[in-house]
Amino acid sequence: KIGWILVGASTVAREWMVDAIGQQGDAEVLAVVSRDAARGAAFAEQFGIAASYTDLDAALAHPGADAVYISTTNELHMAQTLQAARAGKHVLCEKPLALNLDDARRMVDGCAEAGVVLGINHHLRNAASHGKVRELIRAGDIGQPLYGRVLHANNLPQHLRGWRLDAPESGGVTLDMFVHDVDTLRFLLDSEPRHVTACATSGGMTVAGLEEGLMAVIEFDNGTLVQVHDAFNAPHSLSGVEIIGTKGTIFATGVMTQRPVGTISLTREAGSIDIPVEHENLYVRSVRAFQRAMRGEGQPAATGDDGMRALATALAAQQASRSHQRVTLAG
Ligand code: NDP
């Protein structure tokens, strides 16, 4: 069995990842690491995990540990990834990969030098819905993509209204949600973001200056222009992705979510049709692909390079919204 160490007694681990690892059949969570001994012990007890640690090195030395899943707050991802890599453990890290590109580069290089797999838990590219949209685009069903729209304005759940709203290093909605949109669009369009323009709001739910709402336009290498909207403070809004091409339009409704749900329609000259999707838990797929990569079979669903590109675009959007300037990404 593949032995996992959870680094972070977090909500995402609690709600999705313990179960996703458990569902693999050939994996088990051996231990959880928390800065707070009582929180770690309670987490371990709740999920029947044998051990909890406050010290990462001690956890990394746990017998049978092969991989770590890092879901601590963002400023901790870099040091913990490098520590785990140096101990020879494969790393599935949460997004945003890091707070800046130098740190992200160190993580990618550090894992490569240690010979361990680095994967980023950009869950949306694991959704059957997004996989289907990508398939339609690649098959030429809408012709050449010209425009896109991402609707990803949420109401941040009450229990997540902590560091996201007041810690400057959280990066606000830009590093929290927009990174996911970028990763998803790169996956759907097979193209790289080239320029970003953005406007943001802050100070309602977040502390002043930390973005809670973002509207951005991303210009991709292949010429596609995509409008993206993210928000923490938009109750009752719907999510979706629209890709408009020379021959048709795909509209995927309800797909910017952690849950395996949503519908897809394809509209062309002959009219609109519903495209069937066989949904599956996104996080189960993420862990499955990661474990395959650990065994030398392919890559994680999102690689360190993917994480870095999503981060680069998010930082560009942050710069664009703060400076009111269009920002061009390095090639
Ligand atoms: P949480 O706030 O739930 O957890 C982050 C850290 O906060 C934990 O590691 C824990 O520290 C500490 N913490 C947890 N509960 C409490 C508490 N009650 N009181 C005080 N501290 C607490 O964050 P999320 O799970 O929402 O996010 C964690 C990471 O995962 C982030 O990087 C985020 O961007 C990412 N994320 C990714 C998602 C995805 O779908 N890919 C979805 C949601 C988040 P300790 O470990 O020391 O106990």
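Going along each chain's sequence as written, the residues are numbered from 1 onward. The predicted origin of the model limits local features to residues at a pLDDT of at least 70 and limits the giving and counting of side-chain atom pairs to 80 or more, whereas totals for whole chains, interfaces and linings rest on all residues. Side-chain calculation: all heavy atoms of the structure are included, whereas hydrogens and water are not.

Peer 1: For the overall build of the protein, give the residues involved together with the corresponding values.
Peer 2: Each helix and strand counted, the protein has 10 helices and 15 strands in total. A compact globule built from 331 residues would reach a C-alpha radius of gyration of about 20 Å, and the protein, at 20 Å, matches this within 12%. With a 1.4 Å probe rolled over the protein chains alone, any residue whose accessible area is under 20% of its type maximum counts as buried; one over 50% counts as exposed, and the rest are partly exposed. Burial statistics for the protein: of 331 residues in total, 56% are counted as buried. Only heavy atoms matter for contacts: two residues are in contact if any of them lie within 4.5 Å across the pair. At a minimum sequence separation of 6, the contacts of the protein that also span at least 24 residues come to 69%. Exposure was quantified through the Shrake-Rupley algorithm and a 1.4 Å probe, taking into account, for residues, occlusion by the shown protein chains and nothing else. Carbon together with sulfur atoms contributes 49% to the accessible area of the protein, which is approximately 13,800 Å² in total. Just so you know, the count uses Lys and Arg for positive and Asp and Glu for negative, and it drops His and the chain ends. To locate a charge, the coordinates of NZ of Lys, CZ of Arg, CG of Asp or CD of Glu are taken. The distance from the centre of the 28 positive side-chain charges to the centre of the 37 negative ones in the protein is 2 Å. Elements are defined by DSSP. Helices are runs of H or I of four residues or more, strands are runs of E of two residues or more, and each kind is numbered from the N terminus. C-alpha atoms define the radius of gyration, and 2.2 Å times the number of residues to the power 0.38 defines the globule rule.

Peer 1: Tell me about the domain arrangement of the protein, and name the residues and values.
Peer 2: Taken domain by domain, the protein consists of domain 1 (2-123 + 284-302) and domain 2 (125-279 + 311-328). Look at where the C-alpha atoms of domain 1 and domain 2 centre, and you get two points 26 Å apart. Contacts between domain 1 and domain 2 engage 21 residues on the former and 21 residues on the latter. Note on definitions: salt bridges are taken to be side-chain nitrogens of Lys or Arg within 4 Å of carboxyl oxygens of Asp or Glu. Where domain 1 meets domain 2, there are one salt bridge. Lysine 95 serves as the salt-bridge partner of aspartate 176, at 3.2 Å between the closest nitrogen and oxygen. Think of a polar contact as two N or O atoms within 3.5 Å of one another; within protein, one of them needs to be a possible hydrogen donor and the other a possible acceptor, and neighboring residues in sequence only count if both atoms come from side chains. The tally of links between domain 1 and domain 2 comes to nine residue pairs in polar contact (both at pLDDT 80 or more). Those elements that place two or more of their residues in the side of domain 1 that touches domain 2 are α1 (11-22), α5 (101-114) and α9 (282-294). Delimitation of the domains relies on an automatic or database domain assignment.

Peer 1: Summarise the side chain of asparagine 281; cite the residues concerned and give the values.
Peer 2: By the secondary structure assignment, asparagine 281 is in the loop between β14 (271-275) and α9. Polar side-chain contacts of asparagine 281 include one of 3.0 Å to the backbone nitrogen of valine 284. Setting aside anything within four residues of it in sequence, one finds asparagine 281 in contact with Trp16, Asp19, Gln23 and Pro260.

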